[in-house]
Amino acid sequence: MEVDKKDERESESSEQVVNPWEVSAKDGGKIDYDKLIDKFGCQRLDESLIDRVQRLTSRQPHVFLRRGVFFAHRDFNEILDAYEKGDKFYLYTGRGPSSEALHLGHLIPFMFTKYLQEAFKVPLVIQLTDDEKCMWKNLSVEESQRLARENAKDIIACGFDVTKTFIFSDFDYVGGAFYKNMVKVSKCVTLNKAMGIFGFSGEDHIGKLSFPPVQAVPSFPSSFPHLFPGKDNLRCLIPCAIDQDPYFRMTRDVAPRLGYSKPALIESSFFPALQGENGKMSASDPNSAIYVTDTAKDIKNKINRYAFSGGQDSVEKHRELGANLEVDIPVKYLSFFLEDDSELEHIKKEYGEGRMLTGEVKKRLTEVLTEMVERHRRSRAAVTDEMVDAFMAVRPLPSMFE
Amino acid sequence: MGFSKDQLLNRLQELEIDYTKYEHPPVLTVEAQAKYVSSSEGALSKNLFFKDKKHRYYIVSAMVDTKVDMKVLSQRLGLGKGGIRMAPEEALTQLLQVSLECVTPFAVVNESARDVSLLLDQNFKNQKRCIFHPLSNEVSVSLNTSGLDKFLKSIERDPVYVDLEANPAVGKDQPPDLAVYVPSNSVVIPEISNETSTKQTPPPKSVSAEVKPVASGMPSDVSAKPSKPATKGKSVVVEKSTPLAFKNPEKFVEEIMDKTSALLLSEAKVENVEALAETLRKRLTSELTHLAIMYKNTAYTEGFHAGKHSQPKRL
């Protein structure tokens, strides 16, 4: 599961393409999220739901909710209905460990999931799809396992509570009850259907074909007998990027046939590359994103040199016309990471009307990101191999709902 | 308490390692030891305990005749020419939990020595048996290197044998060949008297496994960072104080107080005390919660480790 905009195949379609392995906009423009919601058949996350979250959790909704980063959902209202009645749920998210270098876009689903864990006081399972990356990126088994563990450290550094979190890698955990569910799911999806949903072809190896059930079954509590024994009706909420929707459309389709509840989803938009919405964040171009290993100097440099600015060419023109907030990356990034709503509004107003210059906006962004990356690094330094072992141990979590 | 000689010998027996034991009056030097254990029983060893400028520690165990040139060793470790020197006595007692005269490869059995790198003389491998102190200078044991290896593997250490007399060139195109054995963690030894060896980098700046002073009642620190010295070659990343803040209650509280007072002082111009309290709450809650979670995770991990390694009750 990755928010990775790297193209696997060149597509010149006049339609936008969004699936787990490819994300590209129509004619090199911006992703049309309204169309996407329509096409996928999910719902917009509206104000009323956000208010409800605030009431139920007695705290300010996460910045990603307030700013519409997580903007779509399936059955989130039902999760909230049940929660109000005292029926809890558990969270499920994951990462495809394809590289050691994590950038801010990768952290977004985890930052949001951590908030959900704290706000609703519910347990969380995190799947590391090392098998998927071994197959799709042609990594060796050992390398993908190693990357899974390294990524686990960055994930843990986001601040998950070890008494409520189970991290697992597919190579380690698949088997037993998990595998039984995989087989049950597999029986319900024909080859044709899989090819239709995921775009597989006769040229793809059978490993790829058999992967989707692996990502589907963590949605079912019976896959984790050590965590949820006897709680077969426990609902599941999946925070993820919207390109993962196909996996869970399939899962939701299959669930009733197995007598399981459908998992609910809460989905995010894509994090833009430094060069702009049309650019692609690519592991091979270190200047397309801010990495968690970047120093303060690197961050300042990258923002100043590569962050696409919506400001005008000259100061005079800028003061006259103001900045184009639609394409400006620094403001976009601030809308993701600047906590203070009023400060963001102020910046948007001043910058959009030409009174604030790009340099100032970039400076503020550099501050915000440096603080974030610094904090992440400090936490990361405290994550030992033993801590990873503890998070990944197949153990009960007695205080998971406290 | 650190491992005792008897505990060590019991462990060797449990592992079915073949060794011969010699008891003798306490010996302070190899020459003295040689009087009681003849060379026909095995090759005597000299054991040196070094530290480098970044508070990383090394045991070098060699045949008596092997020349150990500290300058060369320092270069081969990638520490420059004068990068290592003999470790002070406090380090010996606190990290290895043995007295001055009985530095021995077996000392790495102690948790406190987790981050000490152990380098063994390649020449040991040609000997039928080699002689080391089993954590006491009143006893010597002779055993084959395969026995020593078995013991080391049982405590999750890879035995490292090095040609100690080699003097390979170290330069731009020839990286230091022993650099991979530099521990990835440095160790802070709390000074009871005046600072001697730890002056270069003040303790809070290094990523450290804290060794609590014996006086506090805790024996060897169970929670030292578990990374193996023999496997990582990168130098230690110098971080600011937080790793300690995640482990040590006092540092944890100190970190909280530091952040709170810093914010308080910077916001002091606000007239309304209630508003100030609100601001503090708003700005600090998320950060302090994060700190607390890392603290909790660290404590849980230490418990997990203890659980994994706890021995069943002996009946």
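In this text the structure is predicted, and so the values were computed from the model without any measurement. (Residues numbered from 1 in each chain as written. Chains lettered and ligands numbered in written order. Predicted model: local features only at pLDDT ≥ 70, side-chain atom pairs only at ≥ 80, totals over all residues. Heavy atoms only, no water.)

**As for the overall build of chain A**
Step number 1: Within chain A, the regular secondary structure consists of 19 helices and 9 strands.
Step number 2: In chain A, of all internal contacts separated by at least 6 residues, the share reaching a separation of at least 24 is 77%.
Step number 3: Only carbon and sulfur atoms are counted for the fraction: they give 49% of the accessible area of chain A, which is about 16,300 Å². (Helix = DSSP H or I, 4+ residues; strand = E, 2+ residues; numbered from the N terminus. Contact = heavy atoms within 4.5 Å. Areas by Shrake-Rupley, 256 points an atom, 1.4 Å probe, with all protein chains shown as cover.)

**Comments concerning the interface of chain A and chain B**
Step number 1: On the side of chain B, 21 residues touch chain A, which itself brings 25 residues to the contact.
Step number 2: When chain A packs against chain B, close to 2,200 Å² is buried across both sides, 58% of that on carbon and sulfur atoms.
Step number 3: For chain A, the biggest contributors to the area lost against chain B are Arg375(A), Arg378(A) and Glu386(A); these three give 30% of the whole.
Step number 4: Broken down by secondary-structure element, the contributors of at least two residues to the side of chain A that touches chain B are α5 (104-120), α7 (141-157), α18 (358-381) and α19 (385-392) of chain A. (Buried area = accessible area lost by both parts, 1.4 Å probe.)

**So, the environment of Ile197(A)**
All names here are of chain A.
Step number 1: Along the polypeptide, Ile197 turns up in helix α10 (residues 191-198).
Step number 2: A relative accessible area of 24% places Ile197 in the partly exposed class.
Step number 3: Here the alpha-carbon distance between Ile197 and Pro246, two residues 49 residues apart in the chain, equals 6.4 Å.
Step number 4: Ile197 has contacts with Pro246 and Met250, leaving out every residue within four places of it along the chain. (Buried < 20%, exposed > 50% of the residue type's maximum accessible area, 1.4 Å probe, protein only.)

**With respect to the packing of aromatic side chains**
Residues and elements named next belong to chain A.
Step number 1: Within this structure, the stated rule accounts for 40 aromatic pairs over all chains.
Step number 2: Measuring from ring centre to ring centre gives 5.4 Å for Phe166 and Tyr173, while their planes differ by 70 degrees; the resulting arrangement is edge-to-face. In this pair, the class of Phe166 matches that of Tyr173, namely buried.
Step number 3: Measuring from centroid to centroid gives 5.5 Å for Tyr173 and Phe178, while their planes differ by 75 degrees, and the two rings are edge-to-face. Judged on exposure class, the residue Tyr173 and its partner Phe178 are both buried.
Step number 4: Members of the aromatic cluster, joined through ring pairs, are Phe64, Phe70, Phe112, Tyr115, Phe271, Tyr333, Phe336 and Phe337.
Step number 5: The ring centre of Phe40 lies 4.6 Å from the NZ or CZ of Arg249, which sits over that ring. (Phe/Tyr/Trp six-rings, centres within 6.5 Å; stacked < 30°, edge-to-face > 60°. Lys NZ or Arg CZ within 6 Å of the ring centre and 35° of its normal.)

**Remarks on the pairing of strand β7 (residues 139-143) of chain B**
Each regular strand shows side chains that alternate between the opposite faces of the sheet.
Residue and element names in this part refer to chain B.
Step number 1: Burial analysis of β7 places 5 of its 5 residues in the buried class, the great majority of the element.
Step number 2: With burial as the criterion, each face of β7 is covered, one bearing Val139, Val141 and Leu143 and the other bearing Ser140 and Ser142.
Step number 3: By the bridge criterion, 5 bridges tie strand β1 (residues 19-23) to β7 in an arrangement that is antiparallel. Paired with Tyr22 across the bridge in β7 is Ser140.
Step number 4: Linkage of strand β6 (residues 130-132) to β7, two consecutive antiparallel strands, is achieved through a turn of 6 residues, within which Leu135 is found at a positive phi near 70 degrees. (Pairing = 2+ DSSP bridges.)

Don't take any of this as a statement about function, it's just geometry.
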